[in-house]
Amino acid sequence: MKLNRHVRDIVRTYLTIAMTDIELDDPRARSDRREVSGPFDIIGDVHGCAGELETLLTRLGYDVRWSGTPGTASVEVVPPAGRRAIFVGDLVDRGPRSPDVLRIVMSMVESGAAFAVPGNHDVKFLRWLDGKDVKPTHGLDRTIAQFEGETKAFRNRVREFFTTLPIYVWLEGGRLAVAHAGIKEEMLGRVSGEVRRFCLYGETSGETDEFGLPIRYHWAAEYRGRTAIVYGHTPVPAAGWVHNTICIDTGCCFGGNLSALRWPEREIVAIAAERVYMVPVRPFGHPPLRPGAMV
Ligand code: MN
């Protein structure tokens, strides 16, 4: 009898581990977090602007505590009671301190003080970390240079972090979703190659414009969903609602602002860039409507 119980305990332990793995490996379960409620502070594209991120977090009531020396520095971020941050992605590239931005965001996600979704720049940087052949353009060269002084252990931690992020998060009983470049209502609750592409790049035509950049369309102008969509990806002069969507990328790395949307208050908190880290190739603003769009 004793042996039986022992065997049963072992079986139960293995089953529990196996089921936990299935849950963690299910990308749909990682994105469908409708059971999670705010209040939230949703933060736009940081792009290596660690100084502005620290200022913004402090303004929002988060306590940012660094310890250790450069190279071995670690950071702890204590949120105001009951609040959590959500990062819309594009943590790296263009700005001066991408490793420090990662230290802050990884620490917050690991402690439960934040959620994060990846941006197209983060995914490309992950490909570089994985040893893939990627073009070091659009500020990736700076991130690569900044990572020269970082340890293998830190690089591995960053790889692990980006690999496990949900491609979008759907929250608050379905009332709110956060995705880097946006998401369509019918994609909520699903994860596929198409959903992943839309979350990372938005609606694109597959062609490039006169600046050599992919042509984007203003998907938000056509959005009629009941879920509020908060996204970044396209720098705009100021965050403003378009139907039930809001772009909170206000181009900090280009000398604009780093913006946060307080939810459910729907207030914008914006910190001015300390300087222009990179000159934008394309002017700020929403992209044009998709040809034939019904708005
Ligand atoms: Mn971006």
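A brief structural summary.

What counts and what doesn't
- Residues numbered from 1 in each chain as written.
- Predicted model: local features only at pLDDT ≥ 70, side-chain atom pairs only at ≥ 80, totals over all residues.
- Heavy atoms only, no water.
- 1 Å grid on protein atoms, 1.4 Å probe; cavity = no way out; pocket = protein on both sides within 12 Å on 5 of 7 lines; lining within 4 Å.
- Points joined across faces, edges and corners; volume = space filled by probe spheres on them.
- Helix = DSSP H or I, 4+ residues; strand = E, 2+ residues; numbered from the N terminus.
- Nonpolar A, V, L, I, M, F, W, Y, C, P; charged D, E, K, R; others polar.
- Buried < 20%, exposed > 50% of the residue type's maximum accessible area, 1.4 Å probe, protein only.
- Pairing = 2+ DSSP bridges.
- Contact = heavy atoms within 4.5 Å.
- Core = buried A, V, L, I, M, F, W, Y, C linked by side-chain atoms within 4.5 Å.
- Donors = N, O, S within 2.8 Å, 3.2 Å for Na, K, Ca; no water.

What to know about the layout of surface pockets
Consideration 1: Taken as a whole, the largest pocket encloses approximately 1,100 Å³ of empty space.
Consideration 2: Every residue lining the largest pocket is counted, 47 residues in all, and those nearest its centre are Asn120, Pro214, Arg216, His233 and Arg282.
Consideration 3: Secondary-structure elements contributing two or more residues to the lining of the largest pocket are helix 5 (120-129), helix 8 (193-201), strand 9 (204-208) and strand 10 (214-216).
Consideration 4: Of the residues forming the lining of the largest pocket, the biggest block, 5 residues, is contributed by helix 5.
Consideration 5: Class assignment of the residues belonging to the lining of the largest pocket gives a composition of 18 nonpolar, 14 polar and 15 charged.

Things to note about the pairing of strand 8 (residues 176-179)
Consideration 1: Residues Leu176 and Val178 point to one face of strand 8 and Ala177 and Ala179 to the other, with burial holding for every one of them.
Consideration 2: Of the strand pairs in this sheet, strand 7 (residues 168-171) and strand 8 are connected by 4 bridges, and their pairing is antiparallel. Paired with Leu171 across the strands is Leu176, a residue of strand 8.
Consideration 3: Between the antiparallel neighbours strand 7 and strand 8 lie 4 residues, among them Glu172 with a positive phi of about 50 degrees.
Consideration 4: Direction of pairing for strand 8 relative to strand 11 (residues 228-231): parallel, over a ladder of 3 bridges. Within strand 11, the position partnered with Val178 by the bridge is Val230.

Quick look at the pairing of strand 2 (residues 40-43)
Consideration 1: Neither face of strand 2 is exposed, since Phe40 and Ile42 on one face and Asp41 and Ile43 on the opposite face are all buried.
Consideration 2: When strand 2 meets strand 5 (residues 84-87), the two strands line up parallel, connected through 4 bridges. What sits directly across from Asp41, in strand 5, is Ala85.
Consideration 3: Note: strand 2 against strand 14 (residues 257-263), 4 bridges, orientation antiparallel. Considered in strand 14, the bridge of Phe40 is made with Trp263.

Comments concerning helix 5
Consideration 1: In terms of burial, helix 5 is largely enclosed, as 7 of its 10 residues are buried.
Consideration 2: Those residues of helix 5 lying buried are Asn120, His121, Asp122, Val123, Phe125, Leu126 and Leu129.
Consideration 3: Check the buried side of helix 5 and you find it contacts helix 4 (98-111), helix 6 (140-146), helix 7 (152-164) and helix 8.
Consideration 4: Gly131, located one to two residues past helix 5, shows a positive phi value of around 85 degrees.

A closer look at the environment of Leu188
Consideration 1: Mapped onto the secondary structure, Leu188 falls in the loop between strand 8 and helix 8.
Consideration 2: When the C-alpha atoms of Leu188 and Ser98 are compared, they prove to be 30 Å apart, with 90 residues separating the residues in sequence.
Consideration 3: Beyond its immediate sequence surroundings of up to four residues, Leu188 is in contact with Tyr168, Trp170, Ala177, Ile183 and Thr227.

Observations concerning the nonpolar core
Consideration 1: By size, the foremost hydrophobic cluster in this structure holds 47 residues, and its most contacted members are Ile43, Leu53, Phe87, Leu91, Leu102, Met108 and Phe162.
Consideration 2: Tallying contributions element by element places helix 4 first for this core, with 6 residues.
Consideration 3: For Phe87, the contacting residues outside a window of four places in its chain are Ile43, Val46, Leu53, Val105, Met108, Ala114, Phe115, Ala116 and Val117.
Consideration 4: In this structure, Ile167, Tyr168, Phe198 and Val236 belong to the second largest nonpolar core, which totals 21 residues.

Side note on the coordination of the manganese ion
When a metal carries six donors in an octahedron, the ideal angles between them are 90 or 180 degrees, while four donors in a tetrahedron ideally lie at 109.5 degrees.
Consideration 1: The coordination sphere of the manganese ion contains the protein donors Asp45 (OD), His47 (NE2) and Asp90 (OD), at a distance range of 2.2 to 2.4 Å.
Consideration 2: Each donor residue of the manganese ion lies on the same chain, and together they follow the pattern D-x1-H-x42-D. Separated by 45 residues along the polypeptide, Asp45 in the loop between strand 2 and helix 3 (50-59) and Asp90 in the loop between strand 5 and helix 4 bring together distant segments of the chain. The same class applies to Asp45 and to Asp90, which are both buried.

Things to note about the environment of Ala260
Consideration 1: Topologically, Ala260 is positioned in strand 14.
Consideration 2: Counting along the chain gives 172 residues from Ala260 to Val88, while the straight-line C-alpha distance between them is 10.0 Å.
Consideration 3: In this structure, Ala260 is in contact with Ile42, Ile43, Leu56, Leu60, Glu267, Ile268 and Val269, ignoring residues within four places of it in sequence.

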